[in-house]
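# Report on the structure
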Amino acid sequence: MAVKVRIPAPLQRLTQGLGEVETGPGTIIDLVNDLDKRFPGIGERISEAGKIRRFVNIYVNEEDIRFLKAEESEVKDGDEVSIVPAIAGGC
Amino acid sequence: MSYVKGLKCRECNREYPVEPMYVCEFCFGPLEVVYDYNGIKKVLTKEVIEKRGQNLWRYRELLPIDGEPQVGLQSGYTPLLKADNLARELGVKELYVKDDTVSHPTLSFKDRVVAVALTKAREFGFDTVACASTGNLAHSVSAQGAKAGFKRFIFIPATLEASKIVASLVYEPNLIAVDGNYDEVNRLCSEIANKYRWAFVNINIRPFYAEGSKTHGFEIIEQFGWKAPDNIVVPCASGSLLTKIWKSLKEFKEIGIIHDVQTRIFAAQATGCSPISTAIKQGTDVIRPVKPNTIAKSLAIGNPADGFYATQAVNESGGYGEDVSDPEIIEAIKLLARTEGIFSETAGGVTVAATKKLIESGRIARDEVTVVCITGNGLKTQEALHGQTISPYYIKPNLASFEEVLKKIEHSKQ
């Protein structure tokens, strides 16, 4: 088992078209760093100076990490992580 | 002829061609349509606008389409009415209601954005349109998509009011009711949008879709006699409408239709979902997402995509943010109905109640001119008022029974 990460379309050029990749457990920032090692450039798209960018939403098992421990949220084997750009609705 | 130069990231200014895309590939910032204002200035004047049909396309050079308008040909140009009774009640000199409760065809301001989004979807060659919605957008995409002949996929939170669901189903779209709140529906939709080549009006068509909201602001200025009011109070969910109304004022100034923008913009939210007004009150531009809990479901977006820009617009204009409780929302819906004869959905209750509070706290001065944006019709959310209105008088079908009740009514008025 591993952590499953869903990659949004705008980042799939960096993952050779993969919509889903696997990483090991750790904090969200560990996960971003791990992704960046395997897919160089992806880290700076998602984060800036160790912080997740303002318009990037990250969910662990469908929960927004800002309701958990933000960048320090822990993910474990079997968890699913979604990276989703912010979108609009309502007024 | 189009005056669109391209798309540009609001965060890092990277430029992109006109395509169905919505976020900057580099930093995920939202993309904004860029226009050739010098070109527009030469052709779009007050006189030209005044000669055109009474719909939102009268400002078409400032909308992001290439060819002729194709959808929503009768949408927009709703009344701006002088609300003297409400003004008296709230103790201000001059108050106006911009009344999108009568927008064609689905009775909310969403008809504006959908008219633009579906016209653009057709230009891009899509055959299927889709949206994530709390209700009003679902109605408008269902209805306008039906007329325009699109296949339609509509995603809503399953907990929506029953009447709001019927008002989509009648147009026979594929309605997908998701077991989750709006933010969860949105997250799911952005994953679906990655996989299927559909025009998701509020995802991959968003930069174009959102531009339709500007027409609410253009109309306020035009109907106000080609000038901008002192204050505009705008309901906020994602913060998109507020951001676009602010943009509409600036664009009219840019092309010389008005000379000066002194208008203050105020953000109205429900206390049960107030990430934007809270950030404004706390003087920060960091929007902390919340889990919504309010009867104003059309404003219940806990993670507002345009919250940051809405906060900036409010601050830049010298406005403020206010939030109101569910009982205050109900009271304000009734107040607007009994003073001005307008039945607004809960979002309008939020706007009127917030306006009242802003006046009482002195944030809106009593001698200034204020416009209140009412964005949707109350017939859509009647559940919110069940048990909250006055009751009918029940009588027998004879004159005596009626006169007995009449006596009671007259007595109670004394």
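## A closer look at the overall build of chain B
The helix and strand inventory of chain B stands at 15 helices and 13 strands. Once the C-alpha set of chain B is aligned to its principal axes, its extents read approximately 75 × 45 × 45 Å. Of the contacts formed within chain B by residues at least 6 apart in sequence, a portion of 68% connects residues at least 24 apart.

## Topic: the overall build of chain A
Scanning chain A from terminus to terminus reveals 2 helices and 9 strands. The principal-axis extents of the C-alpha atoms in chain A amount to approximately 40 × 30 × 25 Å. Once local pairs closer than 6 in sequence are excluded, the contacts in chain A between residues at least 24 apart make up 48%.

## Side note on the sheet that holds strand β2 (residues 15–16) of chain B
Residues and elements named next belong to chain B. In spatial order, the strands read β2-β1-β3; together these 3 strands make up an open sheet with antiparallel pairing. Every other strand in the sheet has two partners, leaving β2 and β3 (31–35) as the edge strands with one partner each. Pairing of strand β1 (residues 4–9) with β2, which is carried by 2 bridges, proceeds in the antiparallel orientation. Note on β2: the bridge partner recorded for L7 is Y16.

## Brief notes about helix α14 (residues 346–360) of chain B
The terminal C-alpha atoms of α14 of chain B, which comprises 15 residues, lie 21 Å apart, in line with the 21 Å expected from a rise of 1.5 Å per residue. Extensive coverage of α14 of chain B is indicated by the burial of 13 of its 15 residues.

## Description of the sheet that holds strand β9 (residues 80–85) of chain A
Read from one edge to the other, the open sheet built from 5 strands follows the order β2-β1-β9-β6-β7 (chain A), with strand pairing classed as mixed. The open sheet terminates on both sides in strands that have one partner only, identified here as β2 (20–23) and β7 (63–64) of chain A. In this sheet, β2 of chain A lies alongside strand β1 (residues 3–6) of chain A in antiparallel orientation, the contact comprising 4 bridges. Bridging across to β2 of chain A, R6 of chain A finds its partner in E20 of chain A. This element, helix α7 (residues 182–195) of chain B, spans β1, β6 (56–60) and β9 of chain A of the sheet and lies at about 85 degrees to β9 of chain A.

## Some words on the interface of chain B and chain A
Chain B puts 39 residues into the contact, and the matching count from chain A is 24 residues. Secondary structure elements with two or more residues in the side of chain B that touches chain A: α7 and α10 (240–254) of chain B. In terms of residue count, the dominant contributor to the side of chain B that touches chain A is α7 of chain B (7 residues). Among the residues making up the side of chain B that touches chain A, the classes are represented as 20 nonpolar, 12 polar and 7 charged.

## A few points about the packing of α10 of chain B against helix α12 (residues 307–317) of chain B
Residue and element names in this part refer to chain B. Contact geometry for α10 and α12: axes closest at 8 Å, N-to-C directions at 45 degrees. The angle between α10 and α12 falls in the class oblique. The element α10 and its partner α12 pack so that their crossing is left-handed. Contact residues: L242, T243 and W246 in α10; Y309, A310, A313 and S317 in α12. For the contact of α10 with α12, a count of residues per class yields 5 nonpolar, 2 polar and no charged.

## Things to note about the packing of helix α4 (residues 110–124) of chain B against helix α5 (residues 136–148) of chain B
Residues and elements named next belong to chain B. Remark: α4 packs on α5, axes separated minimally by 9 Å, with the N-to-C direction vectors making an angle of 45 degrees. Between α4 and α5, the interaxial angle falls into the category oblique. Considering how the two elements wind past one another, α4 and α5 form a crossing that is right-handed. Two secondary-structure elements touch here, α4 through K110, D111, V114, A115, L118 and R122 and α5 through N136, L137, S140, V141, Q144, G145 and A148.

## So, helix α13 (residues 326–340) of chain B
Residue and element names in this part refer to chain B. For α13, which comprises 15 residues, the first-to-last C-alpha distance of 21 Å matches the rise-based estimate of 21 Å (1.5 Å per residue) to within 8%. Buried residues in α13 make contact with α3 (84–90), β5 (94–99), β11 (264–270), β12 (321–324) and α14. Positive phi appears at G341, one or two residues downstream of α13, with a value of about 70 degrees.

## Structural notes on the environment of L63 of chain B
All names here are of chain B. Along the polypeptide, L63 turns up in the loop between α2 (46–51) and β4 (80–82). Measuring from C-alpha to C-alpha, the distance between L63 and G212 comes to 6.9 Å, with 149 residues separating the pair along the chain. With sequence-adjacent residues up to four places away left out, L63 is seen in contact with V116, E211 and G212.

## Some details on unusual backbone geometry
Of note, the bond from H104 of chain B into P105 of chain B is cis; its omega dihedral lies within 30 degrees of zero at 0 degrees. In this model, E62 of chain A sits at a positive phi of 75 degrees, which is unusual for a non-glycine residue. Within the secondary structure, E62 of chain A is located in the loop between β6 and β7. A positive phi angle, near 55 degrees, is found at W226 of chain B, a position not held by glycine. Note that W226 of chain B resides in the loop between α9 (214–223) and β10 (231–235).

## Focus: the confidence of the model for chain B
For chain B, per-residue confidence averages 95 on the pLDDT scale, and residues scoring 70 or more make up 100% of the total. Interface confidence for the predicted complex, given as ipTM, is 0.79, next to a pTM of 0.93.

## Digging into the environment of S298 of chain B
Within the secondary structure layout, S298 of chain B lies in the loop between α11 (275–282) and α12. When the C-alpha atoms of S298 of chain B and N231 of chain B are compared, they prove to be 23 Å apart, with 67 residues separating the residues in sequence.

## With respect to the pairing of β5 of chain B
All names here are of chain B. Across the 6 residues of β5, 5 count as buried, placing the element largely inside the fold. Pairing of β4 with β5 involves 3 bridges; the strand directions are antiparallel. Looking at β5, one finds that K82 is bridged to Y96.

Conventions and cut-offs
- Residues numbered from 1 in each chain as written.
- Chains lettered and ligands numbered in written order.
- Predicted model: local features only at pLDDT ≥ 70, side-chain atom pairs only at ≥ 80, totals over all residues.
- Helix = DSSP H or I, 4+ residues; strand = E, 2+ residues; numbered from the N terminus.
- Contact = placed C-beta atoms within 7 Å.
- Pairing = 2+ DSSP bridges.
- Expected span 1.5 Å × (residues − 1).
- Buried ≥ 20, exposed ≤ 12 C-beta atoms within 10 Å, placed from the backbone.
- Axes fitted to C-alpha atoms, helices over the stretch in contact; angles between N-to-C directions.
- Nonpolar A, V, L, I, M, F, W, Y, C, P; charged D, E, K, R; others polar.
- Parallel < 35°, antiparallel > 145°, perpendicular 65-115°, else oblique.
- Left-handed = near helix turned anticlockwise from the far one by under 90°.
- pLDDT = per-residue confidence, 0-100.

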